[in-house]
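Here is how the chains run, residue by residue.
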Amino acid sequence: MLHPAGGAAPVFGRLLSAMVTPFDASGALDLEAAAALARHLVDEQAHDGLVVNGTGGEAPTTSDTEKAALVRAVVEAVGDRAAVVAGVGTFDTAHTLELLAAAEEAGADGALVVTPYYSRPPQSGLLAHFTAVADRAGIGLLLYDIPHRAGVPIAPETLIELAGHPRVLGVKDAKGDLTSTSAVLAATDLLYYSGDDATTLPMLAVGGCGVIGTSTHFCGPQVQELIAAALEGRRDDALALHQRLLPIFTGIFATQGCILVKAGLELRGRGVGGVRSPMVPATDAQREALAAALAAAGL
């Protein structure tokens with residue numbers, strides 16, 4: 001159906017970031033800054049695609065109208081040369097369908113659908129939820145498996161069944177269970193993206209195709225090279241890059257990723273505004289640690 005990990009580039013590319021959402025001084029959505037950040041990530045940070053309206057984009061605190069406007073602005077800025085994937089998942093199937101329709105209308109190439117969180121539905125509920133979304137979708141879907149936030153994993157058996165749906169193309173995998181991931185990859189042709197920066201190389205080793213990252217706001221070219229080295233069998237080169245980038249792969253998560261990405265962009269003269277409550281700005285100590293992590297990674 002789609003390209004294997006070692007073949008031609010997958011439909012959404014290999015390197016995407018869960019892009020932070022810029023706000024202006026008053027806390028309002030800054031679409032001009034969003035377009036500029038999208039261009040920077042694609043043109044200077046070597047991204048194949050972007051995920052907007054994810055958790056890293058503070059989607060829990062943006063309105064449905066803001067979400068649609070953000071997708072439209074990013075599509076207009078980079079949609080001719082990068083995939084734009086819109087986060088549409090909520091813990092309510094009906095609301096998820098509304099966000100999916102709005103994302104499609106705004107021009108998204110794909111949709112990221114997180115496991116319904118907090119309510120912890122059974123696997124039969126997850127299957128019904130994701131199937132309802134896929135049945136309605138006119139674009140390809142990535143399922144977001146992140147049990148430490150959602151409260152429940154997507155079981156391998158559920159993923160294997162969902163893989164039979166023509167709109168379910170892949171998974172953003174933040175489960176941290178490569179054995180489970182390997183079982184799904186052995187049984188399906190799903191595209192698997194690491195949802196944790198530090199597991200990019202291990203994910204590629206078991207058949208993954210790339211990463212939807214956070215620290216990749218700052219190390220896109222290096223991660224592209226890591227991916228290429230791994231897929232081309234240059235093990236030593238891939239491992240060296242993995243080890244070099246490990247300080248920022250892990251350091252970006254010293255607190256919530258959106259907080260430190262925004263702090264890092266400000267450190268680099270690319271400020272995109274603050275965060276919305278309940279997030280809070282990075283402390284001086286966190287900024288210093290982030291600067292040290294960037295330096296340790298050679299960035």
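Everything numeric here is computed off the predicted structure, so don't read it as measured data. (Residues numbered from 1 in each chain as written. Predicted model: local features only at pLDDT ≥ 70, side-chain atom pairs only at ≥ 80, totals over all residues. Heavy atoms only, no water.)

Okay, the overall build of the protein chain next. The helix and strand tally for the protein chain stands at twelve helices and eight strands. Its C-alpha radius of gyration of 18 Å places the protein chain within 12% of the 19 Å reference for a compact globule of 299 residues. Counting only C-alpha atoms, the protein chain reaches 45 × 45 × 35 Å along its principal axes. Evaluated residue by residue, the protein chain yields a buried proportion of 53% over its 299 residues. (Helix = DSSP H or I, 4+ residues; strand = E, 2+ residues; numbered from the N terminus. Rg over C-alpha atoms; globule rule 2.2 N^0.38 Å. Buried < 20%, exposed > 50% of the residue type's maximum accessible area, 1.4 Å probe, protein only.)

Counted under the stated rule, the structure contains one cavity of 30 Å³ or more. Looking at the largest cavity, its volume works out to about 50 Å³. Every residue along the wall of the largest cavity is listed here: Asn 53, Asp 64, Lys 67, Ala 68, Val 71, Ala 86, Gly 87, Val 88, Leu 99, Ala 102 and Ala 103. Secondary structure elements with two or more residues in the lining of the largest cavity: helix 2 (64-78), strand 3 (83-87) and helix 3 (93-106). (1 Å grid on protein atoms, 1.4 Å probe; cavity = no way out; pocket = protein on both sides within 12 Å on 5 of 7 lines; lining within 4 Å. Points joined across faces, edges and corners; volume = space filled by probe spheres on them.)

Time to look at helix 7 (residues 178-187). Taken as a whole, helix 7 has its buried residues at Ser 180, Thr 181, Val 184 and Leu 185. Axial view of helix 7: buried residues confined to an arc of 135 degrees, hence all on one face. Residues of helix 7 that are exposed and point over 90 degrees away from its buried face: Thr 179 and Ala 186. In this fold, the buried residues of helix 7 make contact with helix 6 (156-162), strand 6 (168-173), strand 7 (191-194) and helix 8 (200-205). (Arc of directions from axis to C-beta. Contact = heavy atoms within 4.5 Å.)

Moving on, we get to the layout of surface pockets. Of the pockets and cavities examined, the largest pocket occupies roughly 520 Å³. The wall of the largest pocket is formed by 25 residues, among which Thr 55, Ala 59, Pro 60, Gly 89 and Tyr 117 lie closest to the centre. Those elements that place two or more of their residues in the lining of the largest pocket are helix 3, strand 4 (110-114) and helix 5 (147-150). Each residue belonging to the lining of the largest pocket can be placed in one class, and the counts come to twelve nonpolar, ten polar and three charged. One number sums up the size of the second largest pocket: a volume of about 430 Å³. Tyr 144, Ile 146, Arg 149, Thr 214 and Phe 253 are the residues nearest the centre of the second largest pocket, which is lined by 21 residues in total. If you list the elements that add at least two residues to the lining of the second largest pocket, you get helix 5 and helix 11 (257-267). Split into classes, the residues belonging to the lining of the second largest pocket amount to ten nonpolar, eight polar and three charged. (Nonpolar A, V, L, I, M, F, W, Y, C, P; charged D, E, K, R; others polar.)

What follows deals with the side chain of Asp 145. One can find Asp 145 in strand 5 (residues 140-145). Separated by 3.1 Å, the side chain of Asp 145 and the backbone nitrogen of Ile 154 make a polar contact. Setting aside residues up to four positions removed in sequence, Asp 145 forms contacts with Thr 115, Pro 153, Ile 154, Leu 159, Val 171, Lys 172, Asp 173, Ala 174 and Lys 175. (Polar contact = N/O pair within 3.5 Å; in protein donor to acceptor, adjacent residues only side chain to side chain.)

Quick look at the UniProt feature "binding site: pyruvate" (unreviewed entry) in the protein chain now. Under the local residue numbering, the UniProt record ascribes the feature "binding site: pyruvate" (unreviewed entry) to Ile 212. Along the polypeptide, Ile 212 turns up in strand 8 (residues 210-213). When sequence neighbours within four positions are dropped, the list of residues in contact with Ile 212 reads Leu 16, Ser 17, Ala 18, Val 51, Leu 142, Lys 172, Tyr 193, Ser 194 and Gly 195. (UniProt positions renumbered as here; feature names shortened; annotations may be inferred.)

Within the structure shown, the criterion is met by eleven salt bridges. Across the salt bridge formed by Glu 225 and Arg 234, the nearest N and O atoms sit 3.1 Å from each other. Overall, Glu 225 belongs to the partly exposed group, its relative accessible area being 34%. Of the residues examined, Arg 234 reaches a relative accessible area of 26% and is grouped as partly exposed. For Asp 237, the salt bridge goes to Arg 234, with nearest N and O atoms at 3.0 Å. Connected via shared salt-bridge partners are Glu 225, Glu 232, Arg 234 and Asp 237. (Salt bridge = Lys/Arg side-chain N within 4 Å of Asp/Glu carboxyl O.)

This brings us to the pairing of strand 2 (residues 49-52). Of the two faces of strand 2, both are covered, the one formed by Gly 49 and Val 51 as well as the one formed by Leu 50 and Val 52. For strand 1 (residues 15-18) and strand 2, the ladder comprises three bridges, and the chain directions are parallel. Bridging from a neighbouring strand, Leu 16 pairs with Gly 49 of strand 2. Following the chain from strand 1 across helix 1 (residues 31-43) to the adjacent parallel strand 2, one finds a crossover that is right-handed. In the sheet, strand 2 pairs with strand 3 via four bridges, with the strands oriented parallel. Looking across to strand 3, one finds that Leu 50 is bridged to Val 84. (Pairing = 2+ DSSP bridges. Right-handed = clockwise from strand over helix to strand, strands pointing away.)

All right, on to the nonpolar core then. If you look at the biggest cluster of nonpolar residues, it comprises 78 residues, and the most contacted ones within it are Met 19, Val 74 and Val 78. Not counting the four nearest positions on each side in its chain, Met 19 is found in contact with Ala 34, Leu 37, Ala 38, Leu 41, Leu 50, Val 51, Val 52, Gly 56, Gly 57, Val 74 and His 217. In terms of nonpolar packing, the next biggest core, distinct from the first, is built from 17 residues, Leu 112, Val 114, Ile 146 and Cys 209 among them. (Core = buried A, V, L, I, M, F, W, Y, C linked by side-chain atoms within 4.5 Å.)

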